[in-house]
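# Fold and contact review
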Amino acid sequence: MEIIVLESEAYQSLQREMLQMVRTTIREAKEEALANMDPANDWLSAVEAKNLLGIKSKTKLQELRDLDEIKFSKAGKVIRYSKRSILEYLERNIVR
């Protein structure tokens, strides 16, 4: 068995570099997916929007609409939510 020993500073630097690589990869994949997204598939139902946001409350969804945090479209009584705007909202609210 081979054992590799790193100084604490070198280990922390390696962790930071790996985390940055993961973030970059995720960001690039998200941008590519959004660029290739069919506009017809961009609109979600309230249930799908809540699932994507990880919330259970209709009230929170209403609040996000009222604050213009996410885009929505209303035709009669049917409300659809922009998947792209929800993903952008989630990206803006990343806790680092």
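Every chain's residues receive numbers from 1 upward, in the order its sequence appears when written. Whole-chain, interface and lining totals are the exception, using all residues; otherwise, since this is a predicted model, local features are given only for residues with pLDDT of at least 70 and side-chain atom pairs are given and counted only at 80 or more. Side-chain measures were taken over the full set of non-hydrogen atoms in the model, leaving aside hydrogen atoms and water.

## Observations concerning the side chain of Lys50
Counting from the N terminus, the helices are DSSP H or I runs at least four residues long and the strands are E runs at least two residues long. When you line up the elements, Lys50 lands in helix α2 (residues 46-53). Put simply, Lys50 is tucked away with no salt bridge, and the nearest opposite charge, on Glu48, sits 12 Å away. Whether two residues touch is decided by their heavy atoms; if any such pair falls within 4.5 Å, the residues are in contact. Discounting chain neighbours no more than four positions away, the residues touching Lys50 are Ile55, Lys56, Ser57, Lys58 and Leu61. We call a residue buried when its accessible area falls under 20% of the maximum for its residue type, exposed when it is over 50%, and partly exposed in between, using a 1.4 Å probe and counting protein chains only. Charge assignment in this entry is limited to Lys and Arg as positive and Asp and Glu as negative, and neither His nor the chain termini are counted. Salt bridges, as used here, are contacts in which a Lys or Arg side-chain nitrogen is within 4 Å of a carboxyl oxygen on Asp or Glu.

## Some remarks on the pairing of strand β2 (residues 72-75)
In terms of strand pairing, β2 meets strand β3 (residues 78-82) through four bridges, oriented antiparallel. Paired with Ala75 across the bridge in β3 is Val78. When DSSP finds two or more bridges between a pair of strands, those strands are recorded as paired. Here β2 hands over to β3 after two residues, with Gly76 in that stretch at a positive phi of 70°.

## Quick word on the confidence of the model for the protein chain
Atom-level detail of predicted coordinates should not be read off regions where pLDDT is low. pLDDT measures the predictor's confidence residue by residue and takes values from 0 up to 100. Mean pLDDT over the protein chain stands at 89; residues scoring 70 or higher make up 94%. Within the protein chain, the element-level pLDDT minimum falls on helix α1 (residues 8-35), averaging 88, and the maximum on helix α3 (residues 58-66), averaging 94.

## Remarks on the pattern of salt bridges
In the structure shown here, the tally under the stated rule is two salt bridges. A salt bridge links Glu63 to Lys60, with the shortest nitrogen-to-oxygen separation between them at 3.5 Å. Of this pair, Glu63 and Lys60 both sit in helix α3, separated by three residues, roughly a single helical turn. Among the ionic pairs, Arg92 bridges to Glu69, the shortest N-O distance being 3.2 Å.

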